[in-house]
Amino acid sequence: DGETMNYGIVLQTKIGMLTVIADEENLVEVTYGYSDTDYKAEANPIVIKASAQIAEYMSGSRKTFDLPIATKGTELQEQVWAVLKDVPYGETVSYKDISAKLGEEKSAQAIGGACRKNPLAIVIPCHRVVGANGKVTGNATETPAKELLLKMEKNNK
């Protein structure tokens, strides 16, 4: 059927559980909590490398990720994710900043939607996007985790 096999593991981190999933070539998902993506519960070399880099990031010794990644988003999602990849460690951007970078008025809702669909939490740093009031946004699972990540980054900058 040509479907690629996904491999994954659940990591216990100081911000809670993360599910890390890769296919044979790329990291395809990092999710807060459990993922509903189909995967074989075992680590392949990319899952191992990603898990190690996430652990280094959590310890404050890694500021950027060096991993092969694959995302399958809409054009807008891919544009938003590309902007996010350039947000420096320990910095934040607003939805308005992202809209300005894209060179066209995109609503906060559209950008927020792209952030919510981000398949690679932490690696594509949606936690660095804050609302106009400077507050972290997201659902009940993500918001506390994102706040912890930002605090950790500011402390390790």
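For the structure itself, look to the data block above.
Residues numbered from 1 in each chain as written. Predicted model: local features only at pLDDT ≥ 70, side-chain atom pairs only at ≥ 80, totals over all residues. Heavy atoms only, no water.

A. Examining the layout of surface pockets more closely. The space that makes up the largest pocket amounts to roughly 660 Å³. Lining of the largest pocket is provided by 31 residues; of these, Val28, Glu29, Thr37, Lys117 and Pro119 occupy positions nearest its centre. Looking at the lining of the largest pocket, the elements with two or more residues in it are strand 3 (27-32), helix 2 (75-85), helix 4 (108-116) and helix 5 (142-156). No other element matches strand 3, which puts 5 residues into the lining of the largest pocket. Reported here for the second largest pocket is a volume of approximately 230 Å³. As for the second largest pocket, its lining consists of 13 residues, of which Thr64, Phe65, Lys85, Val123 and Pro125 are closest to the centre. When its residues are assigned to classes, the lining of the second largest pocket shows 9 nonpolar, 1 polar and 3 charged. (1 Å grid on protein atoms, 1.4 Å probe; cavity = no way out; pocket = protein on both sides within 12 Å on 5 of 7 lines; lining within 4 Å. Points joined across faces, edges and corners; volume = space filled by probe spheres on them. Helix = DSSP H or I, 4+ residues; strand = E, 2+ residues; numbered from the N terminus. Nonpolar A, V, L, I, M, F, W, Y, C, P; charged D, E, K, R; others polar.)

B. The environment of Lys40, seen in detail. Looking at where Lys40 falls in the secondary structure, it is placed in the loop between strand 3 and helix 1 (45-58). Placed 33 residues apart in sequence, Lys40 and Tyr7 show a C-alpha to C-alpha distance of 4.8 Å.

C. Quick look at the side chain of Gln77. Along the chain, the position of Gln77 falls in helix 2. On the basis of relative accessible area, Gln77 is assigned to the buried category, the value being 14%. In this structure the side chain of Gln77 is engaged in a polar contact, spanning 2.8 Å, whose partner is the backbone nitrogen of Thr74. The contacts of Gln77, once residues within four sequence positions are left out, are Ala114 and Lys117. (Buried < 20%, exposed > 50% of the residue type's maximum accessible area, 1.4 Å probe, protein only. Polar contact = N/O pair within 3.5 Å; in protein donor to acceptor, adjacent residues only side chain to side chain. Contact = heavy atoms within 4.5 Å.)

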